[in-house]
Amino acid sequence: MENKVIYEKDLNLEATELRLGLPGTKKPEKQAPPSLKTSNKRALPDMNEESGSGNNSSVSDDGKSDRETAPAPKAQVVGWPPVRSFRKSCFQPKKTEAEEGRVYLKVSMDGAPYLRKIDLKVYKGYPELLKALEEMFKFSVGQYSEREGYNGSEYAPTYEDKDGDWMLVGDVPWDMFISSCKRLRIMKGSEARGLGCFL
Amino acid sequence: MSEDRNEMPEPEVDTRRREIAGVLTGEFQSPSPDQVLENVLENVLLFLTSRRDRNAVSLVCKSWYRAEALTRSDLFIGNCYAVSPRRAIERFRRVRSVVLKGKPRFADFNLMPPNWGAYFTPWVTAMATSYPWLEKVYLKRMFVTDRDLELLAQSFPAFKELVLVCCDGFGTSGLAGIASKCRQLRVLDLIEDEVADDEVDWISCFPESGTCLESLIFDCIECPINFEALERLVARSPSLRKLRLNRYVSIGQLYRLMIRAPQLTHLGSGSFSSSDIVAQGDQEPDYISAFAACRSLVCLSGFREIIPDYLPAIYPVCANLTSLNFSYANINTEQLKSVICHCHKLQIFWVLDSVCDEGLQAVAATCKELRELRVFPIDAREDSEGPVSEVGLQAISEGCRKLQSILYFCQRMTNAAVIAMSKNCSDLVVFRLCIMGRHRPDHITGEPMDEGFGAIVMNCKKLTRLAISGLLTDKAFSYIGKYGKLVRTLSVAFAGDSDMGLKYVLEGCPKLQKLEIRDSPFGDAALRSGLHHYYNMRFLWMSSCRLSRQGCEEIARAMPGLVVEVIRNENEEDKDGFEILYMYRSLERPRIDAPEFVTIL
C-alpha cells in the first residue's frame, strides 16, 4: 500500500519524538552566531566559545535561522543594552543592596582636606570599623567606655543618624548603627570633648 | 554680481570712517552701491535663523559670506573638534548664543574610556574675551570644570541661559558661581549630567533681591539641596515656569513649592514619596488641590521614588498635559491606566516597561495626539523578563497614528508588528527599536528582523533617524541603502553578516551624517567604500568590528580632512590593537589634548 511505503520510507521520528515544546513548533537548532570580530576583549567567555567556528551560516538558504537562546542568564556585555548607567542603577540598588549589602558612607575628619568613603558592610563590628578609620586617617580613638565616651584621644568618631542628629559611635548595637548611620565625622578637639571625651 | 574685494582693504571699515568723517566735516559722501547692498543684506539676514539657510547664504559670494558672518548670532558646532575656537570666533564676531557638542553618543554607555576629551575650557577661554555679549550656552556631552563655570559667570554680564546635557567634570561649587554671579540668569537647566557633590549650598547663592529665573532644572543632581533656601528662591522668582526637582525633594516639600508657584508650566516632581512614615491620622497636605491650582501645567516628570498611592494627586492636571515622563516611575498596568485615561492631549510620553503591553494598549486607546513615545526597561539586562513585546508596539501603531518618534526596548518582537507600525505611522521621523537579547530573531517566525526594518525605511518616507537590533542579515542593510534616502543618523549593534552590509549603507544613504556601529562584522573593505562620503558626515564610530589598523591608516592617508582616532581599551597591552575607530571631519590639525590611549593616525 502506498501509505505503508511512505511510512516505511520516512519514519517521521520527529512526529513521535517526546519533547516539551508545543505541538507544531519546530525544534530550535543550535547554530553558531555570525562570527564576531576577534579583538573584543570585553566579550564574555561564552561568546568567544560560540564564535570560534567562524561560521557565517546563521542565515541559511531558507532564511529560517533559529537560535537557542542560552538557558543560563548571560553575563552582561559592556554598554548593552544601550541604557545610560544612571537609569540602570536607579532600579537595581533597591534589589541588590540587600544581596550585595554595600553601604557606602562618607567619612570626614576635621582638618583633613578631603573626605573618604567606606563600605560599612565590610566590617563586622565597632572594633574593626574603628581600626579601619584609625588607619585611614592616621589617628587613634583611644578607649571607649559607655560612661565617658572615648578616653585618651583628642578625636571622637561621630555619626549622623536618620534624624539628622550627631551621635557618638559605639553607643547602640552594631546592627542598629549600620541601619541608621548616614555619614561619619571624626571630630577633633573641644567639640569632641563635648561628647564626653576627656583628655 | 561677483565682487572681488581684494583690491579694497577692509572696505566696510573705510566706508564707515568716511561716512563719519563726512558727517563731521559736513561733507557727507553717499555710501557706494555695493555698501548699500551689503547693509540691506545684513538687515535682511537678521531675520534668517535657520543655520542651514545661513550656510547656504554664505556660499553665494564673498560679500554675502561676510554679511552672513556678521549677522549670525547663534553658533552651532556639532563636533567641538571639527573647528577650533579661534577659527569660529574669527569668522563669527557677534555671537549671542553657542551650542557645542562633544563626545559621541556611544560614550554614554561606557564604551569610551573616560578622559577622552571634549573640554569646554579652550572654548570658554576664547569666548570670554571675544564674545562679551554672550547670552546663551548649550553644551552636550562636554567636559566642563568648575573653573570653566566660574570664568563663564565672570565674563558675560548679559548671560541668560545655561543648558548642560550629559556633561560631567563639574560640581555644586561651579553651580554656586553661576547662581551668584549671573545676575540676568533666566535658565539653568541641568539634564542628565554627572554633578559632583562638593557639599556647597548652591541654591542659596542666587541673588537675594529676586531673580529673573524662568527655568530651573536640576533633577539629575544626586545630592541633597537646602530646601528652605529653595522655597525662598521660588518665592522670589515670579517668572519661574519650569522647575524640575531632584529626588531629594519629598512630596511634602513639593507641595510647599507648588502652592508658591501655581504658574508653573513644567514640573519635575522629585521623589514623589514621603521621607517619613506618615502615621494614621496625620494630616497630609491636600496634594490634589495643589495640582489643581496649577492650571498652566503641561509637562510633568520626576516620580523618582514614587509611592503609587500618591498618584491620584495628579489627576486634575492630566487633561491638560502634553508631556508626561514616567520613565523613573515603577508603576504597574493598573496604576498607569488610572492616569492615562485622562491624558487626551498627550503628545510626549516616556514610561517604564513595568506597565506591560496592557498599559501600552491603554495609551493607544486614549492618546490620539501622541507624537513621541519612549519605553525604557526597568530591568536593563539581556535575559530579563521583558514585560513588553510586539503586542504593545502593534497597539501603539494602531492607536497613535500621528506618532513621529519612538524608542522601544523589549525582549520579544515580530516583523509583523514592525511592518504594521511602518504602515500605520507614516509620519515617523525617528524609529529606534532595541531588542535587548542580541541576535534575537522574530520570536514567532524565527526569521531575522530584516523585513520589519525594511518596511520602516520603505514606508516611512520622512525617516531621518534609525536604530536597529535583533537578528539582522545584510539584507536589512540593503533595504536601508535602497530606501533610507533621508536617514541622517543610524545606530547598529550586533548586526549584519559581511562587509556588504556596511557598503549598502555608505553607498546608498546620501544624507547619512552620524553612523555608530558596534560589534558587527564589517572590515576594511567596507570602510573603504565610504571614502566618497566621509567629508559629508559629522562622524563615524565603529567599535569591536573587523577593522585593522592598516585599514584605518589607509583612510587617514586618503582623507587628510578627516581626523581618524583609534582608541584602545585601557587594559589593552597590544599597542596596535584597538577597540574603537572614531573619525570625523575637521578644519583643524588633529587635537593635542588626546589622552594616551587615543592614537590619531
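The rules we used
- Residues numbered from 1 in each chain as written.
- Chains lettered and ligands numbered in written order.
- Predicted model: local features only at pLDDT ≥ 70, side-chain atom pairs only at ≥ 80, totals over all residues.
- Heavy atoms only, no water.
- Helix = DSSP H or I, 4+ residues; strand = E, 2+ residues; numbered from the N terminus.
- Phe/Tyr/Trp six-rings, centres within 6.5 Å; stacked < 30°, edge-to-face > 60°.
- Buried < 20%, exposed > 50% of the residue type's maximum accessible area, 1.4 Å probe, protein only.
- Polar contact = N/O pair within 3.5 Å; in protein donor to acceptor, adjacent residues only side chain to side chain.
- Pairing = 2+ DSSP bridges.
- Axes fitted to C-alpha atoms, helices over the stretch in contact; angles between N-to-C directions.
- Contact = heavy atoms within 4.5 Å.
- Arc of directions from axis to C-beta.
- UniProt positions renumbered as here; feature names shortened; annotations may be inferred.
- pLDDT = per-residue confidence, 0-100.
- Nonpolar A, V, L, I, M, F, W, Y, C, P; charged D, E, K, R; others polar.

Regarding unusual backbone geometry
- The residue after W80(A), namely P81(A), is reached through a cis peptide bond having omega -5°.
- Position of P81(A) among the secondary structure elements: in the loop between α3 (45-50) and α4 (85-91).
- With a phi close to 65°, A118(B) is a non-glycine residue in the positive phi region.
- Examined against the element boundaries, A118(B) turns out to sit in the loop between β2 (97-101) and α6 (121-130).
- Of note in the backbone geometry, F494(B) takes a positive phi value of approximately 50° without being a glycine.
- Relative to the helices and strands, F494(B) resides in the loop between β18 (489-493) and α19 (499-508).

A look at the packing of aromatic side chains
All names here are of chain B.
- Considering all chains together, one arrives at 31 aromatic pairs over all chains under this definition.
- Summarising the aromatic geometry, the rings of F156 and F159 are spaced 6.3 Å apart at their centres and angled 35° between planes, so their arrangement reads as tilted.
- Seen from their ring centres, F539 and Y582 are 5.6 Å apart, and the 50° between their planes marks the pair as tilted. Note that F539 is positioned in strand β20 (residues 539-543) and Y582 in strand β22 (residues 580-585), a separation of 43 residues in sequence.
- Under the relative-accessibility criterion, F539 is labelled buried at 8%.

A look at the side chain of R440(B)
- Take R440(B): it is sitting in the loop between β16 (430-435) and α17 (450-459).
- Here Q411(B) takes part through its side chain, which lies 2.8 Å from a polar atom of the side chain of R440(B).

A few points about the sheet that holds strand β1 (residues 104-109) of chain A
Residue and element names in this part refer to chain A.
- Here we have 5 strands laid out as an open sheet, ordered β2-β1-β7-β5-β6, and mixed in their pairing. Of all the strands in the sheet, just β2 (116-119) and β6 (166-168) have a single pairing partner and so form its edges. When the angles between neighbouring strand axes are averaged without regard to direction, this sheet yields 35°.
- Note: β1 against β2, 4 bridges, orientation antiparallel. Bridge pairing in β2 links V107 to R116.
- Relative to β2, helix α6 (residues 126-137) is tilted by about 155°, and along the sheet it contacts β1, β2, β5 (155-160) and β7 (183-188).

A few points about helix α13 (residues 333-340) of chain B
All names here are of chain B.
- Those residues of α13 that fall on the buried side of the exposure criterion are T333, L336, V339 and I340. With its buried residues spanning 130° around the axis, α13 presents them on a single face.
- Contacts from the buried residues of α13 go to α12 (315-318), β12 (323-326), β13 (348-352) and α14 (356-366).

Things to note about the UniProt feature "domain: Transport inhibitor response" (unreviewed entry) in chain B
- The positions that UniProt labels "domain: Transport inhibitor response" (unreviewed entry) are, in the present scheme, residues 94-139 of chain B.
- Annotated as 22% helix and 20% strand, the span residues 94-139 of chain B places its first and last C-alpha atoms 19 Å apart.

A short note on the confidence of the model for chain B
Residue and element names in this part refer to chain B.
- Considering every residue of chain B, the mean pLDDT works out to 92; 93% of them sit at 70 or more.
- With pLDDT under 50 throughout, residues 1-13 is counted as low confidence; its partners more than four residues away or in other chains account for 13 contacts.
- Scoring the predicted complex yields pTM 0.76 and, for the interface, ipTM 0.85.

What to know about the UniProt feature "domain: COI1 F-box" (unreviewed entry) in chain B
- Per the UniProt record, "domain: COI1 F-box" (unreviewed entry) is found at residues 34-73 of chain B.
- Annotation note: span residues 34-73 of chain B, helix share 75%, strand share 0%, distance between end C-alpha atoms 23 Å.

Considering the packing of helix α3 (residues 51-58) of chain B against helix α4 (residues 62-71) of chain B
Residue and element names in this part refer to chain B.
- Between α3 and α4, whose axes approach to 7 Å, the crossing angle comes to 145°. Of α4, the residues touching α3 (which contributes R54, V57 and S58) are W64, Y65, E68 and T71.
- Of the residues assigned to the contact of α3 with α4, the class counts are 3 nonpolar, 2 polar and 2 charged.

Quick notes on the pairing of β22(B)
Residue and element names in this part refer to chain B.
- Within β22, 5 of the 6 residues are buried, which leaves it mostly tucked inside the rest of the structure.
- The pairing of β20 with β22 spans 4 bridges and is classified as antiparallel. Bridge assignment links S543 to a residue of β22, and that residue is I580.
- Pairing between strand β21 (residues 562-567) and β22: 6 bridges, direction antiparallel.

Describing the side chain of E588(B)
Residue and element names in this part refer to chain B.
- Its place among the elements puts E588 in the loop between β22 and β23 (598-600).
- Separated by 2.9 Å, the side chain of E588 and the backbone nitrogen of S84 make a polar contact.
- Side chain to side chain, E588 and R87 meet in a polar contact 2.6 Å long.
- For E588, the residues in contact, after removing those within four places along its chain, are A82, V83, S84 and R87.

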